[in-house]
4 protein chains.
Amino acid sequence: MSARKEPDEVEFLSGLFEGKTTGAPIAFIIRNKDAKTSDYENLKDVFRPSHADFTYQEKYGIRDYAGGGRGSARTLLPCVVAGAVAKQILASQGIEVLSDVVQIGEESSESFTNDEIERILSRFREEKDTVGCTIQGIIKNAPVGLGEPAFMKFNAVLAHAMMTINAAKGFEIGEGLHAARMRGSDCNDAFINDGGKIRTLTNHSGGVQGGITNGEDIVFRVAFKPIPSLMQPQQTVDIQGNTTTLEIQGRHDVCVVPRVVPIVEAMAAMVTLDFILLKKCNKI
Amino acid sequence: MSARKEPDEVEFLSGLFEGKTTGAPIAFIIRNKDAKTSDYENLKDVFRPSHADFTYQEKYGIRDYAGGGRGSARTLLPCVVAGAVAKQILASQGIEVLSDVVQIGEESSESFTNDEIERILSRFREEKDTVGCTIQGIIKNAPVGLGEPAFMKFNAVLAHAMMTINAAKGFEIGEGLHAARMRGSDCNDAFINDGGKIRTLTNHSGGVQGGITNGEDIVFRVAFKPIPSLMQPQQTVDIQGNTTTLEIQGRHDVCVVPRVVPIVEAMAAMVTLDFILLKKCNKI
Amino acid sequence: MSARKEPDEVEFLSGLFEGKTTGAPIAFIIRNKDAKTSDYENLKDVFRPSHADFTYQEKYGIRDYAGGGRGSARTLLPCVVAGAVAKQILASQGIEVLSDVVQIGEESSESFTNDEIERILSRFREEKDTVGCTIQGIIKNAPVGLGEPAFMKFNAVLAHAMMTINAAKGFEIGEGLHAARMRGSDCNDAFINDGGKIRTLTNHSGGVQGGITNGEDIVFRVAFKPIPSLMQPQQTVDIQGNTTTLEIQGRHDVCVVPRVVPIVEAMAAMVTLDFILLKKCNKI
Amino acid sequence: MSARKEPDEVEFLSGLFEGKTTGAPIAFIIRNKDAKTSDYENLKDVFRPSHADFTYQEKYGIRDYAGGGRGSARTLLPCVVAGAVAKQILASQGIEVLSDVVQIGEESSESFTNDEIERILSRFREEKDTVGCTIQGIIKNAPVGLGEPAFMKFNAVLAHAMMTINAAKGFEIGEGLHAARMRGSDCNDAFINDGGKIRTLTNHSGGVQGGITNGEDIVFRVAFKPIPSLMQPQQTVDIQGNTTTLEIQGRHDVCVVPRVVPIVEAMAAMVTLDFILLKKCNKI
């Protein structure tokens, strides 16, 4: 689905011994074998619109332009590896992290097929344009009690993690933005006794009440803007402030889908596992 | 606008000397003079729908039910005091934090008057119901370069802070959720030379690119669910799991507006000031 | 033993409900009822030798001189309260924190009586001088496995905590400074099988090996300098840099003993409890 | 001076671009080319006395025995690289970090030559024994105002950093342990006006007062126990608790000197630089 070939090999440096984790930090390195600095040479003095070029240059006074540098979404690849470890541990506790593309541009669905997605992306690729999307994540079987009441609410830390992903512009949990349009009598989740277990009849809350998980599915959505690297000329300025027209070379994706999907799941898995560990300190 | 009278007096305990801050932590205490535990007595064994009662009870095995306990939005009052200090410091740097109610239930506007707001809230109060809302915040004149590129992005920390506020269910920056529906050629912000200063022609990014502020207005929105304390009977369970009908007594707001407005501003002010201090460590 | 009367009353503000901790932060306030700002009025423009006056003034550009301000050892009183809670929790796990004065000036003993201590202090008080001391602490029955291998070693965090106490100038664990004079064949602790339990024959390590507790007594010492407030004239400079002679008024202790003893225990208790909670996250 | 040949090559992975730091984390890797797992094969089921074998095994239930694993002092090598960067930055501010061996076993001096040190170490090597030592560090020209008044005192963080080094058993600043034997009239540092600059006549404080640097030399000492790997038979137990005699193979140092010297300097440099950056946030 992506025009770039990046056969990523993970070399583990520490934390594993005879196939098991040792409790030491798991260090690993993924070398970018497909990077061509020459692809980026013509960008070194130009600020790409809606990229981090300008803000990095202003903040640090220096900018490593190759491969998009530290602002590249490739820097989230280690999070996917870490998330894979987290997901294994969660699975051993019966906890699952799932996600779905629910919106691409103007098209929304709860059950896009890969073919449908590829067809939409192709259309934008042909138009030399890019497109935004929304991913919905669900964390299933998380225990009651994850999250701290004040400054480490589960939903706040999850929002932090999701807004950390490149191109994320919005985060919702449960009813999300729609909750602003609702009345309390529609939005409240009545408690019920479900065969001896206290649950909620509905899940407008998205699995979190008062910042703490309540045992229901944790349902959230993250909205991503279109990828800013367009295959069409764009007006911008260079590092000296001269107006110029930018024509981006190289290979670029049309949408953060499909690459972003495992990142959303990885981030959700790490947040959940962190809180599970933290909860162990809850009582002596 | 609120039926509860809570004449809050702040007693400062440390950090001020002869009218000036000393650099020591500013400790203060605000005693809740209007709390009547009896108002909450009938709630002590019941889980109020969409409140934190159930999650607190499950997490801690004990619950201080008086005044809603630690889950009460009153616990954010100290943030308003802290935010007031932050806003003074920001003002000395020419930075302003503003906010507006932009949506209450199904009604949206960029210029609600207080009368209009009160009229909407009255309607819900009469119907013994509550309603959600959306607040838009704008941080003006923040310098370029606030925020860290990876795990402390400005937008991620701002999202964390906003989702920390009771009842928040969604956070957006710039185009926010709408960005998912856009194409890159519409969503990108072209750089221009504005009389020697590099700026963007549009501000779809909402003042943040690559997690770092770019000098444009920082524009964000926070969606809040309706207040879950309804003046009408609700079905729920008690602490033993018995089904029961809850009738909430006491004085309760209809909407987090207007109380939440200064909280949003306070949180935004603290995040901005934190990053301004952090930026000082950017270079030696 | 102290000439100052400071009948400290603790008012608890949060975290307790019907006599039990709720899991919320335990906030409390201890008002200094015996402070007379006038006692310190003549110090406001003078830098007391070996006090924090000069460094605070230089760091902050302002100084709250009353009662010694934030540099006063009184600011450690809340640590004693927090330590008292920690000690109760530790006791429920069979863990004890003990301490002894082992040196005052040139006199050392492992079994000073209170009378002996008071006699030594009286002598210095009569000479209008002050004196240093060393406290030895022992943490008994701490479990194996407290402490992290790299940057949160048990001994490193304990050293941090002890050097946080006003007037502390040195920290030792196990053989401490004397270890530098030893040879390996004398200093190593041989492992033995003590009725099925692996223990060490000696405890030169002081209960910590590789930064992690090994189940033996954790034995440490903290050396404190003499209290710098002397009842005799001292040469110094004022805030303008003028040479002046300082005569301190008010009531001042001769030695950090006995006040420092509960502080050492409190700090040790908090460090131990923190690591016990942290250890709970050790394995899933 | 060491029998082990470890030609360490540093490969930088990030944070440098065209010879300059970019503000991104500086990641690097040093591969241990001289490690022979077979040297450690016979240790895998035995607890070496006064090593971290037992505590790691108990804490994690698994142990990577090769090369001493994570408890090896080799794991501090990255600190030396990081310290080298810190020292360059400090040097640009005129700040120097120096250190000296001041004690090896029973011999003490402020001016050991390399030959003298080697002669002492040879003697212990011939006796198939090891020996402890004390390193003195001096930080010169650090500005006034480094360190926070309460829980991040300069001396406390420095102690934490030094006690993090393998084999450290004691830390002193200024008069250190000796302060316990002194009287106030001898230990206080009188302030003087030294040509318009406020300084202290003596430096018993070791450059820190009230947890904050006062502009004088920061003088500290760290005591290290003898290296626990002896070339002579030692009694111990194996992982099943059986008594056994351990004969360590491989190449082992006699004393943490000389390897520890650059580590002490590196740690001191990092602490100092951290506080210099932190101080930038001191005032707006």
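Everything below is about the structure shown above.
Residues numbered from 1 in each chain as written. Chains lettered and ligands numbered in written order. Predicted model: local features only at pLDDT ≥ 70, side-chain atom pairs only at ≥ 80, totals over all residues. Heavy atoms only, no water.

Draft legend 1. Quick peek at the pattern of salt bridges. Considering all chains together, one arrives at 60 salt bridges over all chains under this definition. For A:Glu106, the salt bridge goes to B:Arg181, with nearest N and O atoms at 3.3 Å. Here B:Arg181 lies in the loop between strand E8 (168-173) and helix H6 (184-187) and A:Glu106 lies in the loop between strand E5 (96-104) and strand E6 (107-108), a pairing that spans two chains. With a relative accessible area of 36%, B:Arg181 lands in the partly exposed category. Taking the shortest distance from any N to any O, the salt bridge between C:Arg31 and B:Glu11 comes out at 2.7 Å. With one member in each of two chains, C:Arg31 in the loop between strand E4 (28-30) and helix H1 (37-41) and B:Glu11 in strand E1 (residues 10-14) form a pair that bridges those chains. Assessed through its relative accessible area of 35%, C:Arg31 is described here as partly exposed. Judged by its relative accessible area of 30%, B:Glu11 falls in the partly exposed class. Ionic contacts of the salt-bridge type, sharing partners, join the residues A:Arg48, A:Asp53 and A:Arg63 into one network. (Salt bridge = Lys/Arg side-chain N within 4 Å of Asp/Glu carboxyl O. Helix = DSSP H or I, 4+ residues; strand = E, 2+ residues; numbered from the N terminus. Buried < 20%, exposed > 50% of the residue type's maximum accessible area, 1.4 Å probe, protein only.)

Draft legend 2. Local environment of the interface of chain B and chain C. Listed by partner, the interface residues are 18 residues for chain B and 18 residues for chain C. Summed over the shared surface of chain B and chain C, the number is two salt bridges. Along the contact surface separating chain B from chain C lie two residue pairs in polar contact (both at pLDDT 80 or more). The residue makeup of the side of chain B that touches chain C, split by class, is eight nonpolar, three polar and seven charged. (Contact = heavy atoms within 4.5 Å. Polar contact = N/O pair within 3.5 Å; in protein donor to acceptor, adjacent residues only side chain to side chain. Nonpolar A, V, L, I, M, F, W, Y, C, P; charged D, E, K, R; others polar.)

Draft legend 3. Up close: the environment of B:Ser205. Relative to the assigned elements, B:Ser205 resides in the loop between strand E10 (197-200) and strand E11 (208-209). Residues B:Ser205 and B:Glu216 lie eleven residues apart in sequence; the distance between their C-alpha atoms is 9.0 Å. Not counting the four nearest positions on each side in its chain, B:Ser205 is found in contact with A:Ser50, A:Lys169, B:Ile173, B:Gly174 and B:Asp189. A distance of 3.2 Å separates a polar atom in the side chain of B:Ser205 from a polar atom in the side chain of B:Gln209.

Draft legend 4. The side chain of B:Thr164, seen in detail. Inspection of the secondary structure puts B:Thr164 in the loop between helix H5 (154-163) and E8. For B:Thr164, a relative accessible area of 2% corresponds to the buried category. Ignoring sequence-local partners within four residues, the contact set of B:Thr164 consists of A:Ala150, A:Phe151, A:Lys153, A:Ala156 and B:Met267.

Draft legend 5. Expanded view of the relation of the copies chain A and chain B. Aligned on chain B, chain A shows an RMSD of 0.0 Å; the corresponding rotation is 180 degrees and the shift along the axis is 0.0 Å. This pairing of chains is accounted for by a two-fold axis. (Least-squares fit on C-alpha atoms with pLDDT ≥ 70 in both.)

Draft legend 6. Representation of the interface of chain A and chain B in the model. With 91 residues of chain A at the interface, the matching set in chain B holds 92 residues. Here chain A and chain B share an interface that buries about 7300 Å² over both sides, 56% of which is from carbon and sulfur atoms. Area buried by chain A at its contact with chain B is led by A:Lys59, A:Lys169 and A:Phe191, which between them contribute 11% of it. The tally of links between chain A and chain B comes to eight salt bridges. When the shortest N-O distance is used, the salt bridge between A:Asp129 and B:Arg183 registers 3.1 Å. If you look at where chain A meets chain B, you find 48 residue pairs in polar contact (both at pLDDT 80 or more). Residues belonging to the side of chain A that touches chain B are distributed by class as follows: 41 nonpolar, 33 polar and 17 charged. As paired strands, strand E8 (residues 168-173) of chain A and E8(B) are joined by three bridges and run antiparallel to one another. Within E8(B), the position partnered with A:Glu172 by the bridge is B:Gly170. (Buried area = accessible area lost by both parts, 1.4 Å probe. Pairing = 2+ DSSP bridges.)

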